[in-house]
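Fold and geometry: a report
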Amino acid sequence: ESNDEIEQEGVRRAWDELETADRVLLVVDGSALPDEADDTYDLWPDDYKQRLRDIPVIVISNKCDLSNHPPGIETIGEATTIHLSAKTGAGIDVL
């Protein structure tokens with residue numbers, strides 16, 4: 001949470017938009033992802049998880065060039081992750 005009033009308003013507006021979304025693309029730094037985050041909801045702060053339970057989330061794991069994951073789509077249970085590298089362009093075609 002930020003103390004900046006403008007940033008707080010931006011976050012509030014983003015959450016308002018999420019409530020009407022059909023799907024969420026969550027972009028994360030794939031080189032810093034914990035291996036135990038098998039559930040995409042593990043990546044969200046606890047106080048936001050309840051708001052997202054009915055919205056499908058696809059994790060876009062950037063920086064696959066710096067991680068152990070090859071570019072492409074990975075599905076574990078109901079969790080979908082797209083591994084890509086914005087720097088090299090690997091995996092961008094999957095989007």
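A brief look at the structure comes next.

**Here's the deal with helix α1 (residues 5-18)**
- Taking 1.5 Å of rise per residue, the 14 residues of α1 would be expected to cover 20 Å, and the 20 Å separating its terminal C-alpha atoms lies within 8% of that figure.
- Sitting at the amino-terminal end of α1 is Asp 4, which places a side-chain oxygen 2.9 Å from the backbone nitrogen of Ile 6.

**Here's the deal with the sheet that holds strand β3 (residues 72-76)**
- Read across the sheet, four strands follow the order β1-β2-β4-β3 without closing on themselves; strand pairing throughout is mixed. Strand pairing shows two members of the sheet lacking a second neighbour, β1 (24-29) and β3, which therefore form its edges. Put simply, the sheet's adjacent strands are angled 25 degrees from each other on average, direction ignored.
- One ladder, built from six bridges, connects β1 with strand β2 (residues 57-62); its direction is parallel. Pairing of Val 28 across the sheet is with Ser 61, part of β2.

**Re the pairing of β2**
- For β2, the tally of buried residues reaches six of six residues, placing the bulk of the element in the interior.
- Across the two faces of β2 the burial is the same, with Val 57, Val 59 and Ser 61 and Ile 58, Ile 60 and Asn 62 all buried.
- Note: β2 against strand β4 (residues 79-83), four bridges, orientation parallel. Pairing of Ser 61 across the sheet is with His 83, part of β4.

**Topic: the side chain of His 83**
- Within the secondary structure, His 83 is located in strand β4.
- Given a relative accessible area of 3%, His 83 falls into the buried group.
- Within polar-contact distance, the side chain of His 83 engages the side chain of Glu 74 at 2.8 Å.

**Concerning the nonpolar core**
- One finds Trp 15, Leu 18, Val 24, Leu 26, Val 28, Ile 55, Val 57 and Val 59 forming the largest nonpolar core, which totals eight residues.
- Looking at this core, the elements that each hand over two or more residues are α1, β1 and β2.
- If you tally residues by element for this core, the top one is β1, at three residues.

The rules behind these values
- Residue positions are given per chain, counting from 1 as you read along its sequence in written order.
- The predicted nature of this model means local features are confined to residues of pLDDT at least 70 and side-chain atom pairs, given and counted, to a pLDDT of 80 or more, with totals for whole chains, interfaces and linings taken over all residues.
- The side-chain figures draw on all heavy atoms in the structure; neither hydrogens nor water molecules are used.
- Helical segments are the DSSP runs of H or I of at least four residues, strand segments are the runs of E of at least two, and each set is numbered from the N terminus.
- Helix span is expected to be 1.5 Å times the residue number reduced by one.
- Polar contact is defined as a pair of N or O atoms within 3.5 Å, subject to the rule that within protein one atom must be able to donate a hydrogen and the other to accept it, and that residues adjacent in sequence are counted only when both atoms are side-chain atoms.
- DSSP bridges decide pairing: two strands pair if at least two such bridges lie between them.
- Here, axes are lines fitted to C-alpha atoms. For helices the fit covers the stretch in contact, and angles between N-to-C directions go from 0 to 180 degrees.
- Relative accessibility under 20% of the residue-type maximum defines a buried residue, over 50% an exposed one, and the middle range a partly exposed one, all with a 1.4 Å probe and only protein chains included.
- What is meant by a nonpolar core is a set of buried Ala, Val, Leu, Ile, Met, Phe, Trp, Tyr and Cys residues, joined one to another through side-chain atoms within 4.5 Å.

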